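Reading the structure
Here are the chains, one letter per residue:
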Amino acid sequence: MSHLPILLSADTLALLLSACSLTRVPTQPGPVRATASKPAAPAAVSPEMQAATARLLLQARALLGEAKQQYRNWSELRELDALMSDAESAARRGSHRRAQQLADEVLRRSDLALDAHYLVLADIELQKVQTYTGLSDAQLGQIRTAELAIERKQSRKAYQILTLLSRELAETTQRYVVAAGDSLWIISGKPEIYGNPWLWPLIWDANRDTLPDPGHVRAGQKLKIKANPTIEEVVQALDRSRSQAGGARVRIGEVREAHR
């Protein structure tokens, strides 16, 4: 018996293959084991980030401490204290970005409060230095620098400049050695001293401990000359000179003001 090849169409072949797949016995799956997911490890914090956080916390704590000294009854102090504590706690937990955000807020609000405080102090010092006479061009320049700092809301910078200048103007003296034939009148009239003889009481006031009588100075005696008497001191000296001269008219001399 001869075997003839069986010719199948493409559609028939597809049906046969589909049937075979339906009758295939599935294999028995093995037991499924549940695996617990591990929590993600916290991201490593670089030493640079830790150092930056530490520096910022120190700055915030220091500025807050300064604000506390200046504003003992400031209503926001308790809130800023709490923010500072939260910042330090966040740093201990390793949340450095959060710690830096909180510290920045403490810095910002403390800085605003201190700026307002130093603006008042700078204005007081500015009024004080403006009462001194005989300022040099350099000293007048410092006043102008402080005024510009106030305009730019750099009140602490202005306060520092004016405080140092005020101390300098109050304490600076020069020495003068009495020559033969000198008197307080002659000395006061010298251009390098006051350029006005009527201001001799200023010299006497600065040397009362060694010069009890203004009419008796001796050659070789060393006198202190106040470099920058205040306007009030100048006016008082002129009044005293005038009264001792029997009401004679006196002149004040040149008055200088800062160049703006």
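A short tour of the structure in this document, coming up. (Residues numbered from 1 in each chain as written. Predicted model: local features only at pLDDT ≥ 70, side-chain atom pairs only at ≥ 80, totals over all residues. Heavy atoms only, no water.)

1. Let's talk about the pairing of strand 2 (residues 222–226)
Only one face of strand 2 is buried, namely the one carrying Leu223 and Ile225, since none of Lys222, Lys224 and Lys226 on the opposite face is buried. When strand 1 (residues 173–177) meets strand 2, the two strands line up antiparallel, connected through 5 bridges. Paired with glutamine 174 across the two strands is isoleucine 225, which belongs to strand 2. (Buried < 20%, exposed > 50% of the residue type's maximum accessible area, 1.4 Å probe, protein only. Helix = DSSP H or I, 4+ residues; strand = E, 2+ residues; numbered from the N terminus. Pairing = 2+ DSSP bridges.)

2. Examining the nonpolar core
Grouped together as the largest cluster of nonpolar side chains are 22 residues, with contacts concentrated most on Leu57, Ala60, Leu64, Trp74, Met84 and Val106. Of all the elements in the fold, those that place two or more residues in this core are helix 2 (47–70), helix 3 (77–93) and helix 4 (96–129). The biggest single contributor to this core is helix 4, with 8 residues. When sequence neighbours within four positions are dropped, the list of residues in contact with leucine 57 reads Met84, Ala87, Glu88, Ala91 and Ala103. In terms of nonpolar packing, the next biggest core, distinct from the first, is built from 18 residues, Val178, Leu199, Ile203 and Leu238 among them. (Core = buried A, V, L, I, M, F, W, Y, C linked by side-chain atoms within 4.5 Å. Contact = heavy atoms within 4.5 Å.)

3. Quick look at the packing of helix 4 against helix 5 (residues 137–151)
Angle between the axes and distance between the axes are the two parameters that describe a pair of packed helices. Contact geometry of helix 4 with helix 5 gives a least axis separation of 11 Å together with a crossing angle of 155°. Relative to helix 5, helix 4 is oriented roughly antiparallel. In the crossing of helix 4 with helix 5, the sense of the turn from one axis to the other is left-handed. Across the interface between the two elements, Leu119, Ala122, Leu126 and Val129 from helix 4 touch Ile143, Glu147 and Ile150 from helix 5. (Axes fitted to C-alpha atoms, helices over the stretch in contact; angles between N-to-C directions. Parallel < 35°, antiparallel > 145°, perpendicular 65-115°, else oblique. Left-handed = near helix turned anticlockwise from the far one by under 90°.)

4. Points about the side chain of asparagine 196
Locating asparagine 196 in the fold gives a position in the loop between helix 7 (184–189) and helix 8 (200–206). Within the local environment of asparagine 196, its side chain forms a polar contact with the backbone nitrogen of tryptophan 198, the two atoms lying 3.0 Å apart. (Polar contact = N/O pair within 3.5 Å; in protein donor to acceptor, adjacent residues only side chain to side chain.)

5. Observations concerning the packing of aromatic side chains
A complete count under the given rule lists 3 aromatic pairs for this structure. Pairing tyrosine 118 with tyrosine 159 gives two aromatic rings, centres 5.4 Å apart and planes at 45°, and the pair type is tilted. Remark: tyrosine 159 occurs in helix 6 (residues 155–171) and tyrosine 118 occurs in helix 4; sequence separation between them is 41 residues. The exposure class assigned to tyrosine 118 is buried, which follows from its relative accessible area of 11%. (Phe/Tyr/Trp six-rings, centres within 6.5 Å; stacked < 30°, edge-to-face > 60°.)

6. Describing the pattern of salt bridges
Throughout the structure, instances matching the rule amount to 15 salt bridges. For arginine 156, the salt bridge goes to aspartate 115, with nearest N and O atoms at 3.4 Å. Taken as a pair, arginine 156 in helix 6 and aspartate 115 in helix 4 lie far apart in primary sequence, 41 residues in all. Taking the shortest distance from any N to any O, the salt bridge between glutamate 147 and arginine 144 comes out at 3.4 Å. Linking glutamate 147 with arginine 144, this pair stays in helix 5, spanning 3 residues, or about one helical turn. For glutamate 147, a relative accessible area of 9% puts it in the buried group. (Salt bridge = Lys/Arg side-chain N within 4 Å of Asp/Glu carboxyl O.)

These figures come from the coordinates and say nothing about function on their own.
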